[in-house]
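Single-letter residue listing:
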Amino acid sequence: MIYEVFRQERKGQAFAHAGSVEAPNEEFAEWYAREEFGRRGESVALWVVPREAVHEIDEFVDELGRNYHRVDGYPLKEKLKQARERAGTSADRRS
Amino acid sequence: MSAREDEFLEYVQSGGQVETTDWMPDDYRAKLIKFIEMHGNSELMGVLPEREWILRAPTLQRKLALTAKVQDEVGHSQLIYRVVSDLGKPREHCLDDLISGKSKFHNVFHYPTKTWGDVGVIAWLVDAAAIISQKALLKCSYAPYARIMKKICWEESFHILHGRDVILTMMNGTDAQRELVQEALDRWWGPLMQFHGNPIPAEDDPMYIWRIKSQGNGEARQQFLDGYVPQIWELGLTVSDPKLRKNDDGVWEFSEPDWDELKHVVTGHGPKTEERLGLRRTTRGETEWVRRVVLPEAA
């Protein structure tokens with residue numbers, strides 16, 4: 001069995017993937033993970049998860065073009081330039 | 001090459017990274033396995049020259065430090081063999097090929113450790129040479145390997161610290177101790193200069209073409225010389241190469257390393273190759289019952 005190991009470096013930080021261990025059961029996996037990822041005080045906590053339990057999602061389809069969710073939905077540069085020109089403030093800012 | 005392979009090559013050459021579950025050309029997978037497996041083998045075989053000194057280390061502190069270093073290196077081999085397993089070659093097969101002599105390990109681990117001076121030179125300079133190669137692997141196109149290399153580099157830096165401490169202690173000691181270090185350095189200089197391999201241009205190196213490595217062999221050697229020769233000299237040690245000098249343009253000149261020796265040694269004919277593989281064979285045989293009895297029971 002392959003177990004994925006996630007480690008937390010400091011209290012309050014996010015757990016990050018550290019690597020994996022191969023072990024016949026959870027108990028062995030726990031001890032291998034302790035040895036390989038926590039021996040030098042580099043972790044304050046570990047998550048040991050069977051690989052099958054990790055579900056990966058790597059496709060994010062956006063048929064509706066919902067750009068109002070994203071930064072690129074708000075192109076302010078052009079609009080700001082136009083607004084400044086309208087207000088006659090663009091020259092002031094440059095000087 | 002097919003269009004898909006061309007596209008993949010272009011992707012990795014422009015800095016793209018690949019995950020285990022991504023499609024990859026068979027040749028890329030084969031090269032990855034060969035390269036990473038040899039690294040795993042080297043970590044595992046690399047503990048043997050040092051293991052020989054655990055009981056003979058001069059103080060309790062040194063025995064403990066050396067034991068911890070050995071444990072780190074075995075840990076590295078476990079991490080690395082995991083990466084190889086996910087690419088399709090299980091650790092057991094790697095170990096079979098290692099002890100049968102089918103696969104290779106780094107040249108420096110085929111040599112004897114004659115004195116405590118050798119242990120210091122290994123921990124300081126062999127690990128320094130290794131970390132130069134390993135730091136270049138942080139940018140490896142195969143992301144799972146690049147990621148574990150971060151942890152490995154961190155621990156290797158720690159080993160260099162330990163090695164420097166051993167060397168500095170001896171250099172501050174008696175004439176006999178300084179002589180011990182100088183003799184060890186003389187013994188290791190040849191293998192150290194061979195360590196980064198033939199100076200083939202990076203563009204002709206398949207491991208570079210696929211961006212498994214991010215620098216050429218000659219470049220790594222220059223980096224090693226630039227970083228460590230001044231550190232060697234400042235301690236009053238000498239390097240046994242009369243041609244060694246730094247040019248005005250910053251490039252190091254040196255006598256051509258003995259490539260025949262390198263080839264001879266890594267193909268399994270080093271002074272300690274047989275003995276060390278023999279030890280691996282014995283321990284693998286002796287622990288076979290553990291794997292047979294305990295592991296299925298636990299599963």
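Everything below is about the structure shown above.
A.B. asks: Could you clarify how one ought to interpret a negative patch on the surface in this entry?
C.D. replies: A surface patch of negative charge is lined by A:E56, A:D58, A:E59 and B:D22. Its place among the elements puts A:E56 in the loop between strand 3 (45–50) and helix 2 (76–87).

A.B. asks: Where do I start with the nonpolar core in this structure?
C.D. replies: Most often, soluble globular proteins have nonpolar side chains that are buried together. Residue and element names in this part refer to chain B. Y28, I36, L125, Y142, Y145, W189 and F224 are the most contacted members of the largest nonpolar core, which has 88 residues in total. Considering each element in turn, this core owes the most residues, twelve residues, to helix 5 (residues 116–136). Residues within four places of Y142 in sequence aside, it is in contact with V18, E19, T20, M24, Y28, L32, I36, V83 and L87.

A.B. asks: Looking at this structure, how should I read helix 10 (residues 259–269) of chain B?
C.D. replies: Owing to its 3.6 residues per turn, the α-helix brings residues three or four apart onto one side. Residues and elements named next belong to chain B. Taken as a whole, helix 10 has its buried residues at W259, L262, V265 and V266. Relative to the axis of helix 10, the buried residues are bounded by an arc of 130° and lie together on one face. What points out from helix 10, more than 90 degrees from its buried face, is the exposed set D260 and K263. Lining the buried residues of helix 10 we find helix 7 (175–194), helix 9 (217–233) and helix 11 (273–286). Where helix 10 starts, the residue carrying a side-chain oxygen 3.2 Å from the main-chain nitrogen of D260 turns out to be D258.

A.B. asks: Can you walk me through the interface of chain B and chain A in this structure?
C.D. replies: Chain B puts 20 residues into the contact, and the matching count from chain A is 16 residues. Summed over both sides, the interface between chain B and chain A buries roughly 1,500 Å², with carbon and sulfur atoms accounting for 47% of that surface. The interface formed by chain B and chain A holds four salt bridges in total. Across the pair A:R40 and B:D72 runs a salt bridge, and its minimum N-O distance is 2.2 Å. Counting the contacts that link chain B with chain A gives eight residue pairs in polar contact (both at pLDDT 80 or more). Of all the secondary-structure elements, those providing two or more residues to the side of chain B that touches chain A are helix 3 (60–86), helix 6 (143–171) and helix 12 (288–298) of chain B. Split into classes, the residues belonging to the side of chain B that touches chain A amount to nine nonpolar, six polar and five charged.

Rules behind the numbers
Residues numbered from 1 in each chain as written. Chains lettered and ligands numbered in written order. Predicted model: local features only at pLDDT ≥ 70, side-chain atom pairs only at ≥ 80, totals over all residues. Heavy atoms only, no water. Patch = residues over 30% accessible without salt bridge, like charges linked within 9 Å, V, L, I, M, F, W, Y side chains within 5 Å. Areas by Shrake-Rupley, 256 points an atom, 1.4 Å probe, with all protein chains shown as cover. Salt bridge = Lys/Arg side-chain N within 4 Å of Asp/Glu carboxyl O. Lys, Arg positive; Asp, Glu negative; His and termini not counted. Charge placed at Lys NZ, Arg CZ, Asp CG, Glu CD. Helix = DSSP H or I, 4+ residues; strand = E, 2+ residues; numbered from the N terminus. Core = buried A, V, L, I, M, F, W, Y, C linked by side-chain atoms within 4.5 Å. Buried < 20%, exposed > 50% of the residue type's maximum accessible area, 1.4 Å probe, protein only. Contact = heavy atoms within 4.5 Å. Arc of directions from axis to C-beta. Polar contact = N/O pair within 3.5 Å; in protein donor to acceptor, adjacent residues only side chain to side chain. Buried area = accessible area lost by both parts, 1.4 Å probe. Nonpolar A, V, L, I, M, F, W, Y, C, P; charged D, E, K, R; others polar.

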